[in-house]
Amino acid sequence: MLRRWYLFAALLFMASAGVRAQVCTSQGLRTAAQAERATAQGNKTAARLLLQRAYEECQLSPVVLRKIADVYDALGETGQAQVYRNQAKRIESPDLQFDQRPVTPAEPGGALEDTSYVREKWAIVVGITHFKNPAMDLRFAAKDATDFAAMLTDPSIGRFRNDPQHVKLLTDEKATVEGIRTAINEIARDSRKEDLVVMYFSSHGTSAGSDIAADEGKSGYIVAYNTEPQNLYATAFPMDELKRVVDTRIKAARIIAFMDTCYSGGFRGSGGGKALELGVSTDSIARIAQGKGRIVIASSRSSEQSWESAGYQNSYFTHYLIEAMKKSSGKLTVTQLFTELQRSVPKAVMQEKKAQQNPVMSPEGKNINIVLGTATD
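In this text the structure is predicted, and so the values were computed from the model without any measurement. (Residues numbered from 1 in each chain as written. Predicted model: local features only at pLDDT ≥ 70, side-chain atom pairs only at ≥ 80, totals over all residues. Heavy atoms only, no water.)

*Asks:* In this structure, what is going on with the overall build of the chain? I would like to understand it.
*Replies:* Check the secondary structure of the chain and you find 11 helices and 12 strands. Here the contacts in the chain between residues at least 6 apart in sequence split such that 71% fall between residues at least 24 apart. Working note: accessible area of the chain is about 16600 Å², and carbon and sulfur atoms make up 54% of it. (Helix = DSSP H or I, 4+ residues; strand = E, 2+ residues; numbered from the N terminus. Contact = heavy atoms within 4.5 Å. Areas by Shrake-Rupley, 256 points an atom, 1.4 Å probe, with all protein chains shown as cover.)

Below, the structure is given as structure tokens:
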């Protein structure tokens, strides 16, 4: 009799769960349909807000996630669409979540990176709160870098060697253009093809439009401690140079760059934003990411501001990046890590700053099976 009662209770629970799932799916699809109508009417801002609501209403329904992806495609945001399609696949195949096994390619020809052997791991971590020109000062960029480096060297998360030769932390006055080039050169000297290199920058960024060069020679820049805004070529670190470094100087087959650099607005901005003029363009990021094993994750789109949080004492991007690594014990693939950022950063910034901030990854639409926290052999 007791056995029958357990069976009945189990069936009742399953039926109840099924009803809840149906209600959730129906509500999520209705909201996604509203987003589709807003898209057709040209109201992209309303469409994005509705898509976020649809996700919050039913984030575990593959049907809803694929509908959200379809609407993002209609918005022309194919990278965002792929994020939701990947999540739908992971829900349908839960054994692929948060581990190091190969994941299914996002689309025919999708890239899978070999994680079978990492000889050694290296990182250059740059964050600048106080600049030589105090008009450019930020609030938490140096702390962003310090916290990110601590996560990398945590033996239960990042599993990088706790050694300044392996994790080169440059903050404030140490993060000059010369200091950045020296750190990169040392990693280029010591790293090999079988290695993993991580680059992290928390500072201002400028667009190619800020450069006085002719159109074909214009470059975006990462702002260093000693950068003079009117003399970027001589005093800032060019994005084109970063591409050359990745292509020709660093021998490691796997290079991941995190760009918590900032975009629209004035120097300090109001309400905790980080920016010089318009920011490092999506095109610049894509050029750096060209080639197998080269990945760039940026904190926001080129048209958006990248925000700092007084509550977290970090930028939103860096806070959620570190949190995702902690929660997974460093075992997320790059694609899974990016998916977590896409879920958390836009929602938090919209709630607290009433602004759009959407992390981007290049290359788009690929499953990158590199794991930051992988142990070295």
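Now, onward.
*Asks:* So what exactly am I meant to see when it comes to the packing of aromatic side chains here?
*Replies:* Aromatic rings in a pair are described by how distant their centres are and how their planes are angled relative to each other. Under the defined criterion, the tally for this structure stands at six aromatic pairs. Judged by centre distance (5.5 Å) and plane angle (10 degrees), the ring pair of Tyr-72 and Tyr-84 falls under stacked. Residue Tyr-72 is located in helix H3 (residues 62-74), and its partner Tyr-84 is located in helix H4 (residues 78-92); the two are separated by 12 residues in the primary sequence. What makes Tyr-72 buried here is its relative accessible area of 3%. On the basis of relative accessible area, Tyr-84 is assigned to the buried category, the value being 3%. (Phe/Tyr/Trp six-rings, centres within 6.5 Å; stacked < 30°, edge-to-face > 60°. Buried < 20%, exposed > 50% of the residue type's maximum accessible area, 1.4 Å probe, protein only.)

*Asks:* Can you help me understand the sheet that holds strand S4 (residues 205-206) in this one?
*Replies:* Paired through backbone hydrogen bonds, the strands of a sheet run either parallel or antiparallel to each other. As summarised here, the arrangement of the three strands in space is S4-S5-S6, forming an open sheet in which the pairing is antiparallel. Across the chains shown, the open sheet's two edge strands, defined by having one partner strand only, are S4 and strand S6 (237-238). Of the strand pairs in this sheet, strand S5 (residues 221-222) and S6 are connected by two bridges, and their pairing is antiparallel. Directly across from Ile-222, in S6, lies its bridge partner Phe-237. (Pairing = 2+ DSSP bridges.)

*Asks:* Please clarify how the sheet that holds strand S7 (residues 254-260) should be interpreted in this entry.
*Replies:* Strand order in the open sheet formed by six strands is S2-S1-S3-S7-S9-S12, and the pairing between neighbours is mixed. At either end of the open sheet lies a strand with only one pairing partner, and these are strand S2 (167-171) and strand S12 (360-362). Across the sheet, the axes of successive neighbouring strands diverge by a mean angle of 10 degrees, strand direction being ignored. Sheet analysis places strand S9 (residues 294-298) next to S12, joined by three bridges and oriented antiparallel. (Axes fitted to C-alpha atoms, helices over the stretch in contact; angles between N-to-C directions.)

*Asks:* What exactly am I supposed to notice about the packing of helix H2 (residues 44-57) against H3 here?
*Replies:* Each packed pair of helices is defined by two parameters, the angle between the axes and the distance between the axes. Closest axis-to-axis distance for the H2/H3 pair is 10 Å, and the angle between their directions is 170 degrees. Regarding the angle of H2 to H3, the classification is roughly antiparallel. Contact residues: Arg-48, Leu-51, Ala-54 and Tyr-55 in H2; Val-64, Leu-65, Ile-68, Val-71 and Tyr-72 in H3. Broken down by class, the residue content of the contact of H2 with H3 amounts to eight nonpolar, no polar and one charged. (Parallel < 35°, antiparallel > 145°, perpendicular 65-115°, else oblique. Nonpolar A, V, L, I, M, F, W, Y, C, P; charged D, E, K, R; others polar.)

*Asks:* Before we go on, may I ask you to explain the nonpolar core in this structure?
*Replies:* Membership of the largest hydrophobic core comes to 40 residues, with the highest contact counts inside it found for Val-125, Phe-148, Phe-258, Ile-297 and Val-334. Contributions of two or more residues to this core are made by strand S1 (121-127), helix H5 (141-153), strand S3 (196-202), S7, S9, helix H10 (316-327) and helix H11 (334-353). Apart from residues lying up to four places away in sequence, Val-125 is in contact with Ala-145, Phe-148, Ala-149, Leu-152, Val-167, Lys-168, Leu-169, Leu-170 and Tyr-200. Core analysis: the next-biggest nonpolar cluster, separate from the first, contains 35 residues, Leu-138, Met-239, Ala-257 and Met-259 among them. (Core = buried A, V, L, I, M, F, W, Y, C linked by side-chain atoms within 4.5 Å.)

*Asks:* Looking at this structure, how should I read the packing of H10 against H11?
*Replies:* Two numbers describe how H10 lies on H11: the axes approach to 9 Å, and their chain directions differ by 140 degrees. Overall, the two elements H10 and H11 adopt an arrangement that is oblique. Remark: the crossing between H10 and H11 carries right-handed chirality. Residues Tyr-316, Phe-317, Tyr-320, Leu-321, Ala-324 and Met-325 of H10 form the contact with H11, whose participating residues are Leu-337, Glu-340, Leu-341, Ser-344, Val-345, Ala-348, Val-349, Glu-352 and Lys-353. Of the residues contributing to the contact of H10 with H11, the split by class is 11 nonpolar, one polar and three charged. (Left-handed = near helix turned anticlockwise from the far one by under 90°.)

*Asks:* Which parts of the structure should I look at to understand the confidence of the model for the chain?
*Replies:* Regions with low pLDDT should not have their predicted coordinates read in detail. Across the chain, the average pLDDT comes to 79, with 75% of residues at 70 or higher. Of the regions scoring below 50 in pLDDT, residues 94-115 engages in 58 contacts with residues more than four places distant in sequence or in other chains. Here residues 275-279 scores under 50 on pLDDT; set against residues more than four positions off or in separate chains, the count is 32 contacts. (pLDDT = per-residue confidence, 0-100.)

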